[in-house]
Amino acid sequence: ISDVASGRNVADKAEGVGLGSPRAQSAAEGQRLPSMASSLVNPAGLPQPSGFNHAVVSGGGRIAWLAGQTALDADGLIVAPGDILAQFEQALRNLLTVLGSAGGHPEHLVIMTVYCLDIEEYRTRSQRIGQIWRRLVGTHYPAMAVVEVSRLWDAEALVELQGIAVVDSERRSR
């Protein structure tokens with residue numbers, strides 16, 4: 001995966017702020033590359049992205065629009081009320097489950113939006129959130145945004161994750 005605007009490799013990204021990431025590793029260092037063409041756009045005139053990319057340009061696959069996922073368990077109950085870290089992990093697991101069912105993998109994510117009730121708490125815990133991200137997704141960072149909202153659909157939910165992925169064109173949903 002290359003950075004179109006600056007020519008930098010993914011490994012050239014600075015230490016994370018948004019997801020508290022250490023220096024990102026290149027795809028060649030263990031991260032599986034998607035079979036469709038994908039490139040990162042991080043213009044030189046903008047601050048160096050950290051824990052996200054300014055844009056991801058993809059093609060050659062099918063688009064999967066991933067509905068917002070909260071920290072619901074299999075019984076439809078929010079896990080760990082009041083614990084943003086546990087809820088972020090469950091919501092991310094749920095999003096990745098949906099992505100997998102659509103024939104995709106984490107590296108197929110091209111954009112993700114995090115909706116949270118308390119952006120200051122999210123920022124304070126961003127390093128730990130980054131650890132959860134890297135454990136479940138790796139060092140692939142799509143274009144991302146974090147948006148503070150007054151309430152989510154599930155009353156006890158603290159975070160909700162929504163995404164878009166470009167999955168391999170030959171894969172079929174399960």
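Residues numbered from 1 in each chain as written. Predicted model: local features only at pLDDT ≥ 70, side-chain atom pairs only at ≥ 80, totals over all residues. Heavy atoms only, no water.

Positionally, Asp154 belongs in the loop between β6 (143-148) and β7 (159-168). Despite being buried, Asp154 has no salt bridge partner; Arg151 is the closest side chain of opposite charge, sitting 7.5 Å away. Once you skip the residues sitting within four places of it in the chain, Asp154 turns out to touch Thr70, Leu72 and Ile78. (Helix = DSSP H or I, 4+ residues; strand = E, 2+ residues; numbered from the N terminus. Buried < 20%, exposed > 50% of the residue type's maximum accessible area, 1.4 Å probe, protein only. Lys, Arg positive; Asp, Glu negative; His and termini not counted. Salt bridge = Lys/Arg side-chain N within 4 Å of Asp/Glu carboxyl O. Contact = heavy atoms within 4.5 Å.)

The full count for this structure, using the stated rule, is two aromatic pairs. Between Phe88 and Tyr122 the ring centres are 6.3 Å apart and the planes differ by 65°, which places this aromatic pair in the edge-to-face class. On the criterion of sequence distance, the pair formed by Phe88 in helix α1 (residues 84-101) and Tyr122 in helix α2 (residues 119-124) is long-range, its members being 34 residues apart. Accessibility assignment for this pair places Phe88 and Tyr122 in one class, buried. Ring geometry for Trp133 versus Tyr141: centroids 6.2 Å apart, planes at 15°, classification stacked. Here Trp133 falls in the buried class, since its relative accessible area comes to 0%. Taking relative accessible area as the criterion, Tyr141 reaches 2% and is therefore assigned buried. (Phe/Tyr/Trp six-rings, centres within 6.5 Å; stacked < 30°, edge-to-face > 60°.)

A few words now on α1. With 18 residues, α1 ought to run about 26 Å at 1.5 Å a step, and its terminal C-alpha atoms sit 25 Å apart, in line with that. Turning to α1, its buried residues number three or more, namely Ile84, Leu85, Gln87, Phe88, Glu89, Ala91, Leu92, Asn94, Leu95, Leu96, Leu99 and Gly100. Buried residues along α1 sit against β4 (61-69), β5 (109-116), α2, α3 (126-136) and β7. One side-chain oxygen at the N-terminal end of α1 lies 3.1 Å from the backbone nitrogen of Leu85; it belongs to Asp83. At the C-terminal side of α1, Gly103 shows a positive phi close to 90°. (Expected span 1.5 Å × (residues − 1). Polar contact = N/O pair within 3.5 Å; in protein donor to acceptor, adjacent residues only side chain to side chain.)

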